Protein chains: 2
Amino acid sequence: MTDSLPVSRRKRTAERRTEIVTAAARIFADQGYAAVGMRDIADTIGIRGASLYHHFPSKEEILYAICLTVTKEPVERNLPLLDGPGTPAERLTALMTAHVRHLLHRRVEYMVGLHERPALTPEHRAEIDRYLYYYNRRVRDLLVAGMRSGEFRELNPSVAALGILDMLNGVSSWIRGDTDEDTDEVVVTYTAMLFDGLRA
Amino acid sequence: MTDSLPVSRRKRTAERRTEIVTAAARIFADQGYAAVGMRDIADTIGIRGASLYHHFPSKEEILYAICLTVTKEPVERNLPLLDGPGTPAERLTALMTAHVRHLLHRRVEYMVGLHERPALTPEHRAEIDRYLYYYNRRVRDLLVAGMRSGEFRELNPSVAALGILDMLNGVSSWIRGDTDEDTDEVVVTYTAMLFDGLRA
DNA sequence: GTCTATAGTGTGATAGAC
DNA sequence: GTCTATCACACTATAGAC
């Protein structure tokens, strides 16, 4: 069906979709999801509100797309690092680096996707929460592995995992700059603090 | 003017205000500020939507009241602990304990107030942001003091302060329970991780 | 302090032409 | 793929009675 369309036509449609999602994320972040109208989104890309419904069946589906990029993508792109080589601390450092880099790349989407989940349909909400929960669980499991191997001290791994992820995700609301150097400054500080502690 | 009203009448009005704010925070947290109508708030406390305007001039003023409790109150109640006795680490521990206890006590307000700031008027938004910025700056200054005294290692104090506060505030989105014991479990894990590090 | 009634505006979404 | 036109409904806020 869609595969039978000319390539140039398909590509143009796909680009429109990402254009809509990017524009919507920006306005949702500034004003809040519910305060934004379909006309507001359409205006910023130069089309009419009704035309959006050719690309998305509802406003909620646009939000759902945003939420997927900040939950599904990290699961698929970052979590494999936890199965790589190295000690638990090295693997956690790799994950934190990748996480903050992805977060900088999709900064606006993170601002929206992590806080507008109540506006999703129950089904979409449940799926998004599953990704978040799984990501959190994998980090917790790594902490447990580090404690078992003796590399990490014994502390509540669930609470520690939640704290680490809250610390990472919070970066989206204040980070400035757009290069890997900007994110690495953050990760260096965070890993120094988390692994070796504030105390001299 | 208001002072000349009978005491019983004044008290009843004040109670209505907090009743409205509490109810509104609950619904805002569940559905998002903009998605909630004045009628929704009114319904849960058994009055008509129009009656809310006797207590608040607008919906935004209700949100503003919520934001104040999660920004002004911590400044006034927690920051004095930073001027108390003890080493920087001890004073930071005291602040973190007080912060998470206050957060648990006003959990729903934190969930709303920290994320719905874009919906405030520019003036209210600026005031709320000043409280947040000041709170953050005081924590950063304490870290700097600890580094100067040699108790803390040298690392980016601004980034570290932001990370610590993101970690603390994130607790509002997942903590269960409602006792000081529940919060202390979190603070013990966080202080162990932050001060002495994950590494054994 | 709460009510009824309503003004005025904006909303998400659809139908159907081009 | 985008348009115009429109439906049906919900919204914040106000006026004025009780």
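All values derive from a computational prediction rather than experimental measurement.

Trainee: Before we go on, may I ask you to explain the relation of the copies chain A and chain B in this structure?
Mentor: Copy one and copy two of the chain differ by a rotation about a common axis and a shift along it. Superposing chain A onto chain B takes a rotation of 180 degrees plus a shift of 0.0 Å along the axis, which leaves an RMSD of 0.0 Å. Read as a symmetry element, the transformation amounts to a two-fold axis. No C-alpha of chain A lies nearer the rotation axis than that of Gly197 of chain A, which sits 1.9 Å from it. Interface overlap between copies is the fraction of interface residues in one copy that are interface residues in the other; for chain A against chain B it reaches 100%, indicating a shared surface.

Trainee: For this particular structure, what's the right way to read the interface of chain A and chain B?
Mentor: Often the size quoted for an interface is simply the accessible area lost on bringing the parts together. The interface of chain A with chain B comprises 38 residues on the first partner and 38 residues on the second. Looking at the side of chain A that touches chain B, the elements that each hand over two or more residues are α1 (7–31), α8 (157–170) and α9 (180–196) of chain A. Ranked by the residues each element gives to the side of chain A that touches chain B, the list is headed by α9 of chain A, at nine residues. Grouping the constituent residues of the side of chain A that touches chain B by class yields 21 nonpolar, nine polar and eight charged.

Trainee: What's the story with the domain arrangement of chain A in this structure? I'm lost.
Mentor: Residue and element names in this part refer to chain A. Under the domain assignment, chain A is made up of domain 1 (2–56) and domain 2 (68–196). The straight-line distance from the C-alpha centre of domain 1 to that of domain 2 is 29 Å. The partner domain 2 presents six residues to the six residues of domain 1 that form the contact.

Trainee: Help me understand the UniProt feature "DNA-binding region" (unreviewed entry) in chain A, please; the structure alone is not making it clear to me.
Mentor: Mapped onto the present numbering, the UniProt feature "DNA-binding region" (unreviewed entry) falls at residues 37–56 of chain A. A helix fraction of 40% and a strand fraction of 0% characterise residues 37–56 of chain A, whose end C-alpha atoms lie 14 Å from each other.

Trainee: Just checking my understanding: could you explain the environment of Gly146 of chain B for this structure?
Mentor: Residues and elements named next belong to chain B. In this structure, Gly146 sits in helix α7 (residues 122–149). In this structure Gly146 comes out as buried when scored by C-beta crowding, with 21 C-beta atoms within 10 Å. For the pair Gly146 and Leu92, spaced 54 residues apart in sequence, the C-alpha separation works out to 10.0 Å. Ignoring any residue separated from it by four or fewer positions in sequence, one finds Gly146 in contact with Pro88, Ala89, Glu151 and Phe152.

Trainee: Looking at this model, I keep getting lost on the protein's contact with DNA strand D. Mind explaining?
Mentor: Looking at DNA strand D, there are 18 residues lining it, with Thr13, Arg48 and Ala50 of chain A together with Gly37 and Ala50 of chain B nearest. Looking at the surface near DNA strand D, the elements with two or more residues in it are α1 of chain A together with α2 (38–45) and α3 (59–69) of chain B. Split into classes, the residues belonging to the surface near DNA strand D amount to five nonpolar, six polar and seven charged.

Conventions adopted
Residues numbered from 1 in each chain as written. Chains lettered and ligands numbered in written order. Predicted model: local features only at pLDDT ≥ 70, side-chain atom pairs only at ≥ 80, totals over all residues. Least-squares fit on C-alpha atoms with pLDDT ≥ 70 in both. Contact = placed C-beta atoms within 7 Å. Helix = DSSP H or I, 4+ residues; strand = E, 2+ residues; numbered from the N terminus. Nonpolar A, V, L, I, M, F, W, Y, C, P; charged D, E, K, R; others polar. Domains from an automatic or database assignment. UniProt positions renumbered as here; feature names shortened; annotations may be inferred. Buried ≥ 20, exposed ≤ 12 C-beta atoms within 10 Å, placed from the backbone. Near = placed C-beta within 6 Å.

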